[in-house]
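Results of the structural survey
One letter stands for each residue in the lines below.
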Amino acid sequence: MRVAFAQGVSMTTLGAQGTQGAQTAFERMDEHHRGANGSTAGSLTGFVLTFLIMMATWCIFSGFFDAFHLSLGVISSLIVAWTSHDLLFSTPTSVRLSQTWRTWMGFPGYFLYLIVEIWKANIYVLKLCFAKNVENSIDPHLITFKTTLKSRLAMVTLANSITLTPGTITVEVNYDGVFTVHALDANVAEGLLKTETNEMQTRIAKLFGEA
Amino acid sequence: MEQIITIVCIALNVLGLVFYTGGTVGIIRFPDFYARLHAAGKLDSLGALMMLAGCAIYELQHFNLATALTALKLMLIIVFVFLASPTATHAIVDAGLASRYDFWSKRKVTSAPADDLTQEEH
């Protein structure tokens, strides 16, 4: 099921460039995910963790804690965990699981950093919105750069973070880590192109254990 | 104490509204499709964060299970907005570039870069 899902994604994003290239890029990514021994063990842990997350969400949304409503929640969570435990924790080998744990623990810190960045970004765009002459104060560019991040989840995190921060929107990311970004200003674009000193990328690499 | 919390909530909500207003003004004033999405995608997410955080703090001033659950639900909305908003913005920009819609630039109207769609044409 996981393979079918991933292939579907690669077909839609890279479909026009030829299936062959998309396939090899996908396999390279998958190898990176699977770890040294190549097994996708730990599906029971993934199942239990998915079940616990689903159950917690059920409790928050339902607000009823009597036996009837809780048993409904258990049944629903079991069904969801059974069908989709390989999506949320797609590769938890024993090594990977500790990394997943560290990533989740590091996320609040990253989120705080992101909030500060989002705040700066919003003040920047807000000033532009009320500028006397908007067309003079912006200078849009379309730039491409290659990231040093390897895993797909890290790239998605970077892509969404770029979209949330000053004057930049991620247009496209491909499997080789090439980002296409629409920037509202040339200065903003230059900050992204210096990949070695890009603070956001360094933080994400640390978060996903790639640094 | 209660008054301070109310003032904080009102301040957060008003600030959120300022961001929403800025986003709306930006959508109207920015010169092209892509620049408008900068205003629409970013200002709305922070506006939603501030207003929902204000509501959550207001709920939590009388702390019990019911208000805690409501506050948690509001937090979940924030999480969803922060995942969905950049993804939706990206999808719209990508659609624009895929149909090779030109973007506004200072010097001239620049063509979107030739991508895989160009090959199909020849």
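Residues numbered from 1 in each chain as written. Chains lettered and ligands numbered in written order. Predicted model: local features only at pLDDT ≥ 70, side-chain atom pairs only at ≥ 80, totals over all residues.

**Observations regarding the overall build of chain B**
The criterion, for reference: Starting at the N terminus, helices and strands are each numbered in turn, a helix being any DSSP run of H or I of at least four residues and a strand any DSSP run of E of at least two. Remark: C-beta atoms are placed from the backbone, and a residue is labelled buried if 20 or more other C-beta atoms sit within 10 Å of its own, exposed if 12 or fewer do, or partly exposed between those counts. Placing a C-beta atom from the backbone of each residue, one calls two residues in contact when those atoms lie within 7 Å.
A tally of regular secondary structure across chain B gives four helices and zero strands. Moving toward the C terminus, one meets the helices and strands of chain B in the order α-α-α-α. In chain B, buried positions account for 30% of the 122 residues. In chain B, 59% of the contacts between residues at least 6 apart in sequence involve partners at least 24 apart.

**So, the packing of helix α1 (residues 2-29) of chain B against helix α2 (residues 33-60) of chain B**
All names here are of chain B. Threshold: Axes here mean lines fitted to C-alpha atoms, for a helix over just the part in contact, with angles spanning 0 to 180 degrees between N-to-C directions. In these notes the angle categories are as follows: under 35 degrees is roughly parallel, over 145 is roughly antiparallel, 65 to 115 is roughly perpendicular, and the rest is oblique. Working rule for handedness: look at the near helix, and if it is turned counterclockwise from the far one by less than a right angle, call the crossing left-handed; if clockwise, right-handed.
Contact geometry for α1 and α2: axes closest at 8 Å, N-to-C directions at 165 degrees. Taken together, α1 and α2 sit at an angle that is classed as roughly antiparallel. At the point where α1 passes α2, the crossing takes the left-handed sense.

**Some points on the packing of helix α7 (residues 152-164) of chain A against helix α3 (residues 65-98) of chain B**
For clarity, the threshold we go by: The residue classification treats Ala, Val, Leu, Ile, Met, Phe, Trp, Tyr, Cys and Pro as nonpolar and Asp, Glu, Lys and Arg as charged. All others, Gly included, are polar.
Between α7 of chain A and α3 of chain B, the shortest axis-to-axis distance is 9 Å and the interhelical angle comes to 85 degrees. Overall, the two elements α7 of chain A and α3 of chain B adopt an arrangement that is roughly perpendicular. Residue-level inspection shows A159, N160, T163 and L164 of chain A of α7 of chain A in contact with α3 of chain B, the latter providing P86, T87, T89 and H90 of chain B. In the contact of α7 of chain A with α3 of chain B, the residues fall into three nonpolar, five polar and no charged.

**Looking at the sheet that holds strand β3 (residues 178-183) of chain A**
Here is the rule: Any two strands between which DSSP finds at least two bridges are classified as paired.
Taken together, three strands build an open sheet; the order of strands is β1-β3-β2 (chain A) and the sheet is antiparallel. Each of the sheet's edge strands pairs with one partner strand only, and the pair in question is β1 (141-146) and β2 (168-173) of chain A. With direction set aside, neighbouring strand axes in the sheet form an average angle of 25 degrees. Against the sheet, α3 of chain B contacts β2 and β3 of chain A, and its axis sits at roughly 65 degrees relative to β2 of chain A.

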